[in-house]
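Structure at a glance
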Amino acid sequence: MLLKELTRLRGVSGDEGEVRGFVIDQAAPYCDEIAVDTMGSVVAWKRCKKEGAPTVMIAAHMDEVGFMVQYVRDDGLIRYMTVGGIDPAVCVGKRVLVGKTRVPGVIGCKAVHLQERDERTRALKHSQLYIDIGARDRDDALKAVSIGDYAVFDSEYVEFGRGFVKSRALDDRVGCAVMLELLKHDYPCNVAFAFNVQEEVGLRGAMATAFRVQPDCAIILEGTTANDTIGARVHEEICSAGKGPALSFMDRASIAHPGLFARMRALAQEQNIPWQLKRGTTGGNDAGSIQRSQGGVATVVVSVPCRYIHGPSSVCALSDVENQYRWVKAFLDEGGTF
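Residues numbered from 1 in each chain as written. Predicted model: local features only at pLDDT ≥ 70, side-chain atom pairs only at ≥ 80, totals over all residues. Heavy atoms only, no water.

A tally of regular secondary structure across the protein chain gives eight helices and 17 strands. In summary, the protein chain has a C-alpha radius of gyration of 21 Å against a globular reference of 20 Å for 338 residues, a match within 12%. Overall, the protein chain is about 70 × 45 × 35 Å in size when its C-alpha atoms are taken along their principal axes. Buried positions account for 56% of the 338 residues belonging to the protein chain. Considering only residue pairs separated by 6 or more positions, the protein chain has 75% of its internal contacts joining residues 24 or more positions apart. Carbon and sulfur atoms make up 50% of the accessible area of the protein chain, which amounts to about 14900 Å² in all. Both charge centroids of the protein chain, one from 40 positive and one from 43 negative side chains, sit 3 Å from each other. (Helix = DSSP H or I, 4+ residues; strand = E, 2+ residues; numbered from the N terminus. Rg over C-alpha atoms; globule rule 2.2 N^0.38 Å. Buried < 20%, exposed > 50% of the residue type's maximum accessible area, 1.4 Å probe, protein only. Contact = heavy atoms within 4.5 Å. Areas by Shrake-Rupley, 256 points an atom, 1.4 Å probe, with all protein chains shown as cover. Lys, Arg positive; Asp, Glu negative; His and termini not counted. Charge placed at Lys NZ, Arg CZ, Asp CG, Glu CD.)

Our focus in this paragraph is the nonpolar core. Counting 56 residues, the largest nonpolar core has Ile58, Phe193, Phe195, Leu221 and Leu332 as the members making the most contacts within it. For this core, the element with the highest residue contribution is helix α4 (residues 170–182), accounting for eight residues. Contacts of isoleucine 58, omitting those with residues within four sequence positions, involve Met179, Val191, Ala192, Phe193, Ala194, Ile219, Leu221, Val328 and Leu332. Grouped together as the second largest cluster of nonpolar side chains are 21 residues, Ile78, Cys91, Val98 and Ile133 included. (Core = buried A, V, L, I, M, F, W, Y, C linked by side-chain atoms within 4.5 Å.)

Attention now goes to the sheet that holds strand β11 (residues 164–167). Taking strand neighbours across the sheet as the criterion, the three strands line up as β10-β11-β17 in an open arrangement whose pairing is antiparallel. Edge positions in the open sheet fall to β10 (158–160) and β17 (314–317), since each of these has one partner strand only. This sheet shows a mean twist of 30 degrees between the axes of neighbouring strands, independent of strand direction. For β11 and β17, the ladder comprises four bridges, and the chain directions are antiparallel. Bridge pairing links serine 167 to serine 314 in β17. The strands touched by α4 are β11 and β17; relative to β17, the strand with the most contacts, the crossing angle is about 35 degrees. Against the sheet, helix α8 (residues 318–333) makes contact with β10, β11 and β17, and its axis sits at roughly 60 degrees relative to β17, the strand it touches most. (Pairing = 2+ DSSP bridges. Axes fitted to C-alpha atoms, helices over the stretch in contact; angles between N-to-C directions.)

This part takes up the pattern of salt bridges. Inspection of every chain in the model, using the stated rule, returns 15 salt bridges. One continuous salt-bridge network, built from bridges that share partners, spans Arg10, Glu18 and Arg102. (Salt bridge = Lys/Arg side-chain N within 4 Å of Asp/Glu carboxyl O.)

Time to look at α8. Between its terminal C-alpha atoms α8 stretches 23 Å, which fits the 22 Å expected from 16 residues at 1.5 Å a residue. Every buried residue belonging to α8 is among Asp320, Val321, Asn323, Gln324, Tyr325, Trp327, Val328, Lys329, Ala330, Phe331 and Leu332, and all of these are buried. Looking at the residues trailing α8, positive phi occurs at glycine 335, about 100 degrees. (Expected span 1.5 Å × (residues − 1).)

The description of an aromatic ring pair uses the distance of the two centres, along with the angle that the planes make with each other. Across all of its chains, the model carries four aromatic pairs by this definition. Arranged with centres 5.1 Å apart and planes meeting at 80 degrees, the rings of phenylalanine 67 and tyrosine 80 form a pair that is edge-to-face. Of this pair, phenylalanine 67 sits in strand β4 (residues 66–72) while tyrosine 80 sits in strand β5 (residues 78–83), placing them 13 residues apart in sequence. Grouping residues by exposure puts phenylalanine 67 and tyrosine 80 together as buried. Between tryptophan 275 and tryptophan 327 the ring centres are 5.9 Å apart and the planes differ by 55 degrees, which places this aromatic pair in the tilted class. Note that tryptophan 275 is positioned in the loop between α6 (258–270) and β15 (276–277) and tryptophan 327 in helix α8, a separation of 52 residues in sequence. Accessibility expressed as a relative area gives 0% for tryptophan 327, which makes it buried. Above the face of the tryptophan 45 ring, arginine 47 is positioned so that its terminal group lies 4.1 Å from the ring centre. (Phe/Tyr/Trp six-rings, centres within 6.5 Å; stacked < 30°, edge-to-face > 60°. Lys NZ or Arg CZ within 6 Å of the ring centre and 35° of its normal.)

What follows concerns the sheet that holds strand β12 (residues 190–196). Strand pairs in the sheet, formed through backbone hydrogen bonds, run parallel or antiparallel to each other. The strand order β1-β2-β12-β3-β13-β16-β14-β15 describes an open sheet built from eight strands, whose pairing is mixed. Looking at which strands have only one partner, the edges of the open sheet turn out to be β1 (33–36) and β15. As judged from the nine bridges shared by strand β13 (residues 217–225) and strand β16 (residues 298–306), these two strands associate in the parallel manner. Residue pairing in the sheet places glycine 223 in a bridge with valine 304 of β16. Against the sheet, helix α5 (residues 204–213) makes contact with β1, β2 (42–46), β3 (55–61) and β12, and its axis sits at roughly 160 degrees relative to β12, the strand it touches most.

Taken together, the side chains of Phe249, Met250 and Ile255 define a hydrophobic patch exposed on the protein surface, amounting to about 270 Å² of accessible area. Residue position: isoleucine 255 is located in the loop between β14 (246–248) and α6. (Patch = residues over 30% accessible without salt bridge, like charges linked within 9 Å, V, L, I, M, F, W, Y side chains within 5 Å.)

Keep in mind these values describe shape, not function.
Below, the structure is given as structure tokens:
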């Protein structure tokens, strides 16, 4: 799969051009039609010749969380806004790349030696952080960056341990990688592969693609929170990396369609595909927009558990990515019925 290549591309919400161009190049040899809407989402069609065949949407989002240059101080340090949800605790001391030319920078804060006693016991806020690009002053900084420039974490894709990988943007380049692999096959149903924009800032792109495609059902491929690390009690784990993709019954944006949910559970059992239920209902994803489009669409979400999500070094198991692919392919191979 193309996960390594996809995670190297920048694609903060609203600035998904690099990812979009790569997706189009990779999808073109295998699909019947590619459409790009005004917002920038890509829909790659695989059509079948069977009359009356259902239309299935497989969706993932191209965008990732990141930063935007908000203001440059007189001393050349950059105040930023977050694009999507990022915990400030994961930012201090992390390298970033700013703007189209990838200007290197570091997210900094007041040195611990200068902090008051009570400051050391409080979590830092984004308003206390800044991006340092090594500029002498404001004018020098503005020669390299501009207000409104995007910034991403500077983090490489690394495979490590027993089948794990760490990278930024696993949410949701894992879904994009799986869809590009699924595109290589033919199916006894019409399939619209929707590579959506702006999921991290309100599920915006998916609303437009769902109205364009008008699917009979949709499977949303995601990267989701794995809380299986130190300090988490069993009932708080939500899902665990390496134990199979997670099937959601509900989150804050959608509720799975009962029939589609039941079929996916049964299919995993029939095909001996490792899987798990997502045991938490926090967060949301593109299913929230797709489910409410037109007169309603049957949706279900299949996610790869990701540790340290929305940070510079998210971690997932490659086996979970492979089994996400196997699971969705099995559903499409049988015609997308439930």
